[in-house]
There are 2 protein chains.
Amino acid sequence: MIAKNMQDLVNNSSTIRAMFEEGKRLKKLYGEDKVFDFSLGNPNVQAPKQVEDAISELIKEYPSPILHGYMNNSGYEFVREKIADHINQKQGTDLAAENIVMTVGAAGGLNVICKTLLDPGDEVVVFRPYFGEYRAYVSNVGGKLIEVSSNSDTFYPDLEDLEKKISSKTKMLIINTPNNPTGVVYPEDFIIDLCSLLEAKQKEYQRQIYLISDEPYRELVYDGLFVPYLTKYYKNTIVAYSYSKSLSLPGERIGYLVIPKEVEDAGEVCAGINVATRILGFVNAPSLMQLVVAKCLNAKVNIEFYEKNRNKLYEGLRDIGFECIKPQGAFYLFMKSPMENEVDFCELAKKHNILMVAGSSFSSPGYVRLAYCTSYETICNALPAFKALAKECGVGK
Amino acid sequence: MIAKNMQDLVNNSSTIRAMFEEGKRLKKLYGEDKVFDFSLGNPNVQAPKQVEDAISELIKEYPSPILHGYMNNSGYEFVREKIADHINQKQGTDLAAENIVMTVGAAGGLNVICKTLLDPGDEVVVFRPYFGEYRAYVSNVGGKLIEVSSNSDTFYPDLEDLEKKISSKTKMLIINTPNNPTGVVYPEDFIIDLCSLLEAKQKEYQRQIYLISDEPYRELVYDGLFVPYLTKYYKNTIVAYSYSKSLSLPGERIGYLVIPKEVEDAGEVCAGINVATRILGFVNAPSLMQLVVAKCLNAKVNIEFYEKNRNKLYEGLRDIGFECIKPQGAFYLFMKSPMENEVDFCELAKKHNILMVAGSSFSSPGYVRLAYCTSYETICNALPAFKALAKECGVGK
């Protein structure tokens with residue numbers, strides 16, 4: 001018998017799995033191109049050519065025990081230095097190798113941070129809607145998730161609600177911009193207000209409140225939008241980054257944490273992160289991929305691909321009469337469900353061969369998430385199906 | 001401030017770090033080849049040529065979103081199938097893809113198993129001496145480690161002590177053969193006795209007791225010794241395997257779990273493992289390396305390299321007069337400390353530029369561990385230093 005703690009998680013996961021299996025069934029029945037699968041955040045864009053070039057070079061450059069060998073649990077020193085320099089150039093920060101820890105993706109990085117910072121009962125604030133996995137990451141170490149609502153027009157977190165929710169037990173906040181599932185990028189004035197609230201709360205409770213910036217979508221922004229680098233606005237900021245989207249390497253599990261020297265007890269935090277990386281069983285970020293990303297710092301996936309998809313899907317859905325705000329980054333569109341229960345709406349959509357994720361998975365019922373990291377053709381072909389779905393729900397003219 | 005839970009771990013880890021730094025200091029002072037570092041279990045043998053060939057082929061064979069993409073959290077189906085077939089051929093088992101889960105090394109696999117099986121307070125039995133990380137893996141999920149002593153002549157676990165230590169709270173045992181730190185391989189008759197004791201205890205407590213076989217050293221055995229495949233001796237066996245040593249890929253973090261269909265609630269256990277892989281932040285084993293190992297199933301590092309090292313070191317130390325048993329596998333030699341406190345002995349050894357790990361790190365004071373995955377020259381050059389050390393401790397004639 002598995003752990004009691006795990007049984008609910010397995011049952012919930014069966015629901016998602018059932019949906020995935022349903023997708024496979026539909027695709028078999030109607031053909032790949034007749035099923036419009038917007039349920040998965042799986043990048044559909046090639047990794048930049050530099051990645052494959054880097055791999056070819058590396059297997060020639062490095063003798064094998066080094067190429068695939070152990071290193072410090074925090075990662076290769078020179079890789080961390082290169083990444084620090086790269087961020088300094090782009091963001092005007094003042095980072096060194098010791099401020100970077102290589103991680104098994106952002107998911108690995110977030111778990112390492114939770115293990116390092118949280119004692120059982122410590123509270124972690126998240127903003128609705130949020131990536132559902134945060135709940136598990138926090139609960140893995142006995143922390144407690146505290147949800148803060150967002151403005152329903154902009155999806156910016158509601159700072160008045162945040163004010164009320166921060167307590168003497170608050171140890172960290174998780175912020176995710178560009179956001180999954182809304183596609184929203186928080187503007188600088190919002191960030192400034194948020195950070196000044198956090199400063200005040202730190203003083204009030206005489207306790208450090210860490211701001212964890214989960215940034216797998218940092219590079220995926222459209223219309224030249226500015227994404228503030230949060231370490232510059234609030235000292236106790238730790239960044240969790242991933243190359244899953246920016247280099248289309250989601251299966252390789254490679255990312256890093258940034259712990260600037262301005263973070264209180266930065267040395268202790270870094271030492272804790274190093275130990276947590278080891279004892280959680282990550283041991284270190286995959287060695288070859290560490291060396292690959294160090295060679296691809298200026299490489300980037302084709303963002304125009306996602307932007308074209310965004311425009312087509314957003315304009316198409318709006319023209320049909322659906323309510324949604326225009327995504328500014330990431331590859332998700334958060335749409336208001338025209339039916340009261342969005343789970344029913346997702347079910348109805350399936351009859352039109354459209355697969356979406358219910359907002360309740362992000363703690364925001366009444367909405368659905370569409371991941372548009374599909375092919376452009378999928379979006380074009382899906383629009384008539386959305387039109388038929390709209391008609392059935394009484395949406396549009 | 002970091003979590004209270006983490007503070008002791010960070011302090012302990014500083015001791016190991018201090019030793020590592022001391023090693024670096026000595027090497028700087030006396031030269032790389034004048035310091036005899038037997039402290040680290042870092043393979044010093046090249047990965048087989050097939051690994052590099054496989055990488056070169058794969059970046060040509062697979063279009064990039066597949067090569068580096070997401071897959072089921074349990075790993076690529078066809079990779080799991082190939083591994084299952086390979087084990088079936090070698091061990092006469094009856095495994096299929098669904099019985100294999102790809103993991104981020106054996107360390108990742110063990111954490112996933114602990115998360116899947118253990119509720120807080122559940123007991124996990126380990127045999128002294130044991131790999132110290134087990135303590136952290138079990139404690140990560142609130143489990144309790146129970147130590148069982150070993151026969152001091154053979155280092156086989158003491159079954160009488162085990163009988164007493166298994167309780168109604170025992171959920172699993174961890175077994176590690178070939179063993180770190182002793183290099184011992186448990187013979188078949190011992191395995192049979194162990195398994196029959198476990199069967200009896202399962203009946204007595206009407207509760208499943210899982211045997212977790214941690215097997216990173218399975219292929220590293222000498223003198224053609226037979227290493228029993230434990231799933232064939234006890235139904236509730238789960239195997240945690242790693243390619244770190246067999247393919248010299250320790251930095252790549254690639255391994256797998258075997259959950260045979262004979263395991264009670266195997267379906268639920270596999271579902272739990274799949275979810276645990278996701279929520280612990282591993283998400284999946286690195287994708288390129290999954291494909292690499294599937295192409296290298298019959299490849300193996302040069303084991304003669306380690307065997308030559310073993311012979312030289314074991315015979316050298318025995319001739320000098322140190323007490324140790326001949327390692328049969330892995331690349332560790334566990335030597336009796338000629339001084340009562342083995343930590344003092346390690347300190348004294350440092351004066352002879354010899355670095356070793358104290359047995360207390362493996363919960364077995366009175367011994368020291370020597371990792372002979374060094375160069376052959378290191379061993380040859382170290383023997384005169386060991387001789388001088390022996391003289392200082394009054395060892396030998």
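All of these numbers come straight from a predicted model, not from anything done at the bench.

Asks: Before we go on, may I ask you to explain the sheet that holds strand β7 (residues 237-242) of chain B in this structure?
Replies: Hydrogen bonds between backbone groups are what pair the strands of a sheet, and the pairing can be parallel or antiparallel. Residue and element names in this part refer to chain B. Strand order in the open sheet formed by 7 strands is β2-β8-β7-β6-β5-β3-β4, and the pairing between neighbours is mixed. Pairing within the sheet leaves two strands with one partner each, and these edge strands are β2 (100-103) and β4 (144-148). Averaged over neighbouring strand pairs, the angle between their axes works out to 20 degrees when direction is ignored. Inspection of the sheet shows β7 paired to strand β8 (residues 255-258) by 4 bridges, in the antiparallel sense. Among the inter-strand pairings, Tyr241 is bridged to a residue of β8, identified as Tyr256. On top of the sheet, helix α8 (residues 188-205) reaches β3 (123-127), β5 (170-175) and β6 (210-214); it is set at about 170 degrees to β5, its chief contact.

Asks: What am I meant to see in the pattern of salt bridges here?
Replies: Oppositely charged side chains are able to pair whenever their charged atoms sit close together. Residue and element names in this part refer to chain B. Overall, the coordinates contain 45 salt bridges over all chains when judged by the stated rule. Salt-bridge contacts for Asp94 lead to Lys261; the nearest nitrogen and oxygen are separated by 2.6 Å. With Asp94 in the loop between α4 (77-91) and β2 and Lys261 in the loop between β8 and α9 (266-279), this pair connects stretches of sequence that are 167 residues apart. Residue classification places Asp94 among the exposed positions, given a relative accessible area of 55%. Take Lys261: its relative accessible area is 47%, and that puts it in the partly exposed class. The salt bridge involving Glu147 is made with Arg135; its shortest N-O contact spans 3.0 Å.

Asks: What's the story with helix α12 (residues 342-351) of chain A in this structure? I'm lost.
Replies: Because an α-helix packs 3.6 residues into every turn, residues spaced three or four apart end up facing the same way. All names here are of chain A. Of the residues making up α12, those classed as buried are Glu342, Phe345, Cys346, Leu348, Ala349 and Lys350. Where α12 begins, the capping side chain belongs to Asn341, and its oxygen is found 2.8 Å from the backbone nitrogen of Val343. Following α12 by one or two positions, Asn353 adopts a phi angle in the positive range, close to 65 degrees.

Asks: Got a minute to help me understand the relation of the copies chain B and chain A in this structure?
Replies: Both copies of the chain are related through a single rotation about an axis accompanied by a shift along the same axis. With an RMSD of 0.0 Å, the fit of chain B onto chain A corresponds to turning through 180 degrees and sliding 0.0 Å along the axis. Overall, the copies show the geometry of a two-fold rotation axis. In terms of C-alpha distance to the rotation axis, chain B has Ser56 of chain B as its closest residue, with the C-alpha 3.4 Å off the axis. Of the interface residues in chain B, 100% have counterparts in chain A that sit at the interface too, so the contact is made through matching surfaces.

Asks: So what exactly am I meant to see when it comes to the sheet that holds strand β7 (residues 237-242) of chain A here?
Replies: Residue and element names in this part refer to chain A. Sheet architecture is open: 7 strands sit in the order β2-β8-β7-β6-β5-β3-β4, paired in mixed fashion. At either margin of the open sheet sits one strand with a lone partner, and together these are β2 (100-103) and β4 (144-148). Ignoring strand direction, the axes of neighbouring strands in this sheet form an average angle of 20 degrees. Pairing analysis gives 4 bridges linking strand β5 (residues 170-175) to strand β6 (residues 210-214), with the strands arranged parallel. What sits directly across from Ile175, in β6, is Ser213. Strands β2 and β8 (255-258) of the sheet are contacted by helix α4 (residues 77-91), whose axis makes an angle of about 115 degrees with β2.

Asks: Mind showing me how you'd approach helix α2 (residues 49-61) of chain A here?
Replies: All names here are of chain A. In this model, α2 (13 residues) spans 18 Å end to end at C-alpha, consistent with the 18 Å of a helix rising 1.5 Å per residue. For α2, the set of buried residues is Val51, Glu52, Ala54, Ile55, Leu58 and Ile59. In an axial view of α2, the angular spread of the buried residues amounts to 155 degrees, which keeps them on one side of the axis. In α2, the exposed positions that point more than 90 degrees away from the buried face belong to Lys49 and Lys60.

Asks: Explanation requested: the side chain of Ser244 of chain A in the structure shown.
Replies: Residues and elements named next belong to chain A. Position of Ser244 among the secondary structure elements: in the loop between β7 and β8. We classify Ser244 as buried; its relative accessible area is 2%. Ignoring any residue separated from it by four or fewer positions in sequence, one finds Ser244 in contact with Pro43, Leu249, Pro250, Arg253 and Ile254.

Asks: Looking at this model, I keep getting lost on empty space enclosed by the protein. Mind explaining?
Replies: Empty pockets left among the atoms are what a rolling probe the size of a water molecule brings to light. Tallied over the entire structure, the rule returns 4 cavities of 30 Å³ or more. Its boundaries defined by the atoms lining it, the largest cavity holds a volume of some 140 Å³. Listing elements by their share of the lining of the largest cavity, those giving two or more residues are α5 (105-117) of chain A together with α5 (105-117) of chain B. The element contributing the most residues to the lining of the largest cavity is α5 of chain B, with 3 residues.

Asks: Looking at this structure, how should I read the pairing of strand β3 (residues 123-127) of chain A?
Replies: Residue and element names in this part refer to chain A. In terms of residue burial, β3 counts as a mostly covered element, since 5 of its 5 residues are buried. Across the two faces of β3 the burial is the same, with Glu123, Val125 and Phe127 and Val124 and Val126 all buried. Pairing analysis gives 5 bridges linking β3 to β4, with the strands arranged parallel. Across the sheet, the residue bridging to Val124 is Leu145, located in β4. Between the parallel elements β3 and β4, the chain passes through helix α6 (residues 133-139) in a crossover that is right-handed. Here β3 pairs with β5 via 4 bridges, running parallel.

Asks: For this particular structure, what's the right way to read the nonpolar core?
Replies: In globular proteins that are soluble, nonpolar side chains generally tend to be buried together. Formed by 82 residues in total, the largest nonpolar core has its most connected members in Met172, Ile238 and Ile259 of chain A together with Met172 and Ile238 of chain B. Ile238 of chain A has contacts with Ile113, Leu117, Tyr210, Leu211, Ile212, Ser213, Leu257, Val258, Ile259, Val263 and Val269 of chain A, leaving out every residue within four places of it along the chain. By size, the runner-up hydrophobic cluster in this structure holds 70 residues, among which are Ile254 of chain A together with Met71, Val293 and Leu297 of chain B.

Parameters and conventions
Residues numbered from 1 in each chain as written. Chains lettered and ligands numbered in written order. Predicted model: local features only at pLDDT ≥ 70, side-chain atom pairs only at ≥ 80, totals over all residues. Heavy atoms only, no water. Pairing = 2+ DSSP bridges. Helix = DSSP H or I, 4+ residues; strand = E, 2+ residues; numbered from the N terminus. Axes fitted to C-alpha atoms, helices over the stretch in contact; angles between N-to-C directions. Contact = heavy atoms within 4.5 Å. Salt bridge = Lys/Arg side-chain N within 4 Å of Asp/Glu carboxyl O. Buried < 20%, exposed > 50% of the residue type's maximum accessible area, 1.4 Å probe, protein only. Polar contact = N/O pair within 3.5 Å; in protein donor to acceptor, adjacent residues only side chain to side chain. Least-squares fit on C-alpha atoms with pLDDT ≥ 70 in both. Expected span 1.5 Å × (residues − 1). Arc of directions from axis to C-beta. 1 Å grid on protein atoms, 1.4 Å probe; cavity = no way out; pocket = protein on both sides within 12 Å on 5 of 7 lines; lining within 4 Å. Points joined across faces, edges and corners; volume = space filled by probe spheres on them. Right-handed = clockwise from strand over helix to strand, strands pointing away. Core = buried A, V, L, I, M, F, W, Y, C linked by side-chain atoms within 4.5 Å.

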